[in-house]
Amino acid sequence: MSEIGGEIHQVRNNYAHHLMYYNTYFPFLLFECFNKISLALKEAKTKEEEIGKNIYKIVDFEKKTSYVSFTCHSFISCSDMDSIPRDGHIILIKFDSNLKSKSDSMLGYVCSSATRAYSHKFDYNHEMLEYVSVNTRTDLRKVRIIFFTVFDISEINRNTPIRISKLTNVKKTLMLNDALSELQRSPLCNVILNPQSHNIKSIVLPRKQDTDAMTTIVQAIVNPLNISSPQMAIVVSGPFTDSLSAIVQVVEDIKKSKIPGKILVCVRAEMLSQMGMGLIETSNNLLIINREKEFLHNKLQGRVLDEMIPFMPNAQNRQNDEAKRKVLQEAEVLLTVTGTCFYKDVQDMVRDLSYCIIHDAHNFTEPESLLPLLYGIKHLILFGDPNEPCHASSKCAASFGYKSLFHRVCNSC
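The model shown is predicted, which means the values in this text are computed figures rather than measured ones.

Definitions and limits used
Residues numbered from 1 in each chain as written. Predicted model: local features only at pLDDT ≥ 70, side-chain atom pairs only at ≥ 80, totals over all residues. Heavy atoms only, no water. Helix = DSSP H or I, 4+ residues; strand = E, 2+ residues; numbered from the N terminus. Contact = heavy atoms within 4.5 Å. Areas by Shrake-Rupley, 256 points an atom, 1.4 Å probe, with all protein chains shown as cover. Lys, Arg positive; Asp, Glu negative; His and termini not counted. Charge placed at Lys NZ, Arg CZ, Asp CG, Glu CD. Pairing = 2+ DSSP bridges. Axes fitted to C-alpha atoms, helices over the stretch in contact; angles between N-to-C directions. Phe/Tyr/Trp six-rings, centres within 6.5 Å; stacked < 30°, edge-to-face > 60°. Buried < 20%, exposed > 50% of the residue type's maximum accessible area, 1.4 Å probe, protein only. Core = buried A, V, L, I, M, F, W, Y, C linked by side-chain atoms within 4.5 Å.

Colleague: What am I meant to see in the overall build of the protein chain here?
Modeller: Of the regular secondary structure elements, the protein chain holds 13 helices and 13 strands. Dimensions along the principal axes, computed over C-alpha positions, put the protein chain at roughly 75 × 50 × 35 Å. In the protein chain, of all internal contacts separated by at least 6 residues, the share reaching a separation of at least 24 is 73%. Split by element, the accessible area of the protein chain, about 20,900 Å² in all, is 48% carbon and sulfur. Separation of charge centres in the protein chain, based on 47 positive and 45 negative side chains, amounts to 2 Å.

Colleague: Looking at this model, I keep getting lost on the sheet that holds strand β7 (residues 201-204). Mind explaining?
Modeller: Sheet strands pair via backbone hydrogen bonds, and the direction of the pair is either parallel or antiparallel. Taking strand neighbours across the sheet as the criterion, the seven strands line up as β7-β8-β13-β12-β9-β11-β10 in an open arrangement whose pairing is parallel. Where the open sheet ends on each side, the last strands, each with one partner, are β7 and β10 (286-288). In this sheet, neighbouring strand axes are inclined to one another by 20 degrees on average, regardless of whether the strands run parallel or antiparallel. As judged from the four bridges shared by strand β12 (residues 353-358) and strand β13 (residues 379-384), these two strands associate in the parallel manner. Within β13, the position partnered with Cys356 by the bridge is Leu380. Those strands touched by helix α5 (residues 211-222) are β7, β8 (231-236) and β13, and its axis lies near 165 degrees from that of β7. Here helix α13 (residues 405-412) sits on the sheet and contacts β8 and β13; the angle it forms with β8, its principal contact strand, is near 95 degrees.

Colleague: Explain the packing of aromatic side chains to me, please; I cannot follow it from the model alone.
Modeller: The geometry of two aromatic rings is summed up by the distance between their centres and the angle between their planes. By the definition in use, this model includes 15 aromatic pairs. Here Phe28 and Phe400 contribute two aromatic rings whose centre-to-centre distance is 6.3 Å and whose plane-to-plane angle is 35 degrees, an arrangement assigned as tilted. Taken together, the residues span a long stretch of sequence, with Phe28 in helix α1 (residues 18-46) and Phe400 in the loop between α12 (395-399) and α13 at a distance of 372 residues. Here the aromatic rings of Phe75 and Tyr118 are separated by 6.2 Å at their centres, their planes lie at 65 degrees, and the arrangement is edge-to-face. Within this pair, whereas Phe75 is found in strand β2 (residues 68-77), its partner Tyr118 is found in the loop between β4 (104-117) and α2 (120-123), the two being separated by 43 residues in sequence. Tyr118 shares its class with Phe75; the two are buried. What links up through ring pairs into an aromatic cluster is the set Tyr15, Tyr21, Tyr25, Phe28, Phe31, Phe400 and Tyr402.

Colleague: What should I look at first to understand the nonpolar core in this one?
Modeller: In terms of nonpolar packing, the biggest core is built from 57 residues, with Tyr21, Ile192, Met232, Leu334, Val346, Leu380 and Leu382 touching the most fellow members. At six residues, α1 tops the list of elements feeding residues into this core. Filtering out sequence-adjacent residues up to four positions away, Tyr21 remains in contact with Tyr15, Leu180, Leu183, Ile192, Leu193, Glu366, Leu370 and Arg408.

Colleague: How do you make sense of the sheet that holds strand β1 (residues 55-63) when you look at a structure like this?
Modeller: What the six strands build is a closed barrel, ordered β1-β2-β5-β4-β3-β6; its pairing is antiparallel. Recorded for the sheet is a direction-independent mean angle of 40 degrees between the axes of neighbouring strands. The sheet contact formed by strand β3 (residues 89-95) and strand β6 (residues 162-169) spans seven bridges and is antiparallel. Residue pairing across strands places His89 opposite Asn169, the latter belonging to β6. Along the sheet, α1 contacts β3, β4 and β6; its crossing angle with β6, the most-contacted strand, is approximately 135 degrees.

Here is the structure:
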């Protein structure tokens, strides 16, 4: 939708239509992605690769219309599993005929990554074993990676090993692009594009000690919510306020209102456990989505979605999905990390997520705040401090006003 090399637009408070909005924010995603790749490349150059580490053998090669597909095998010590590129990783590939000579290098995108235990029956004579140094081969894993490159270097000898360095994962960037693109289908699309024309409430939290004022404020947040009209609210939570307790009360009041719909609460990774401990006191059907394995209090472990589903072999995936669907249907409140809050399997299994509350919304760039809207959210409540900055990873993007949705709406109210 946005042409590479086209004009970069300054962020504005309001947008006439979705295409204008998308074409403003899409380049910023590219800036952030390129910045991460650039930093990872610099770091990779400063590291001296260990002999035999990250060496792969090309076992299949296919030219497609717009890219080249490579399938590679290798062996790696169990202690080095973190160095294996996973799905969505950008990698640096060094092709050459002699690993000690200068290499031809290019970037690639990993679309598939898998490992299995070493098998003496099938692997004992594999040529890549000479590059691995371990005390016993039982400590080995066989690795298979499929990656794509845009360019084909015809003079590469594909019979010689290649070196692969893991740089950065761009799965989140691709998901953020989906959030920008799919905004046009969201019930909140017009509110996001043009907040000035939708009478968005800006509510200021009282200081921690003022419990009576807190009750009044929470009612002011919850009472205007209704089924028919998608809404967004801004809650200013500056110093000396207790935004976590306020969110717990908002969730409790939404449930008491009997307005249909589940509630999604999104927090920073380091706040997941603290928020969970607050919500568990009033939400019997709290469900935590924690696929990034953030720290959680022991009391919360039994509320994690993937921990609640008993392990089943692949042949019983259908039963596994049904069990997951049942757990999601019974949940009233879902808690997750803001930047990684969207999961396709959760979207497919839960259709009545109506409310989303984002804590510390000033911390997240605008596309990150759009991620929950992929669930079809109708009511969005942003807690944040307008005096705190949003830290965009790209200085170039920040120079065009790239910041949080919270800040942009605050400027519009």
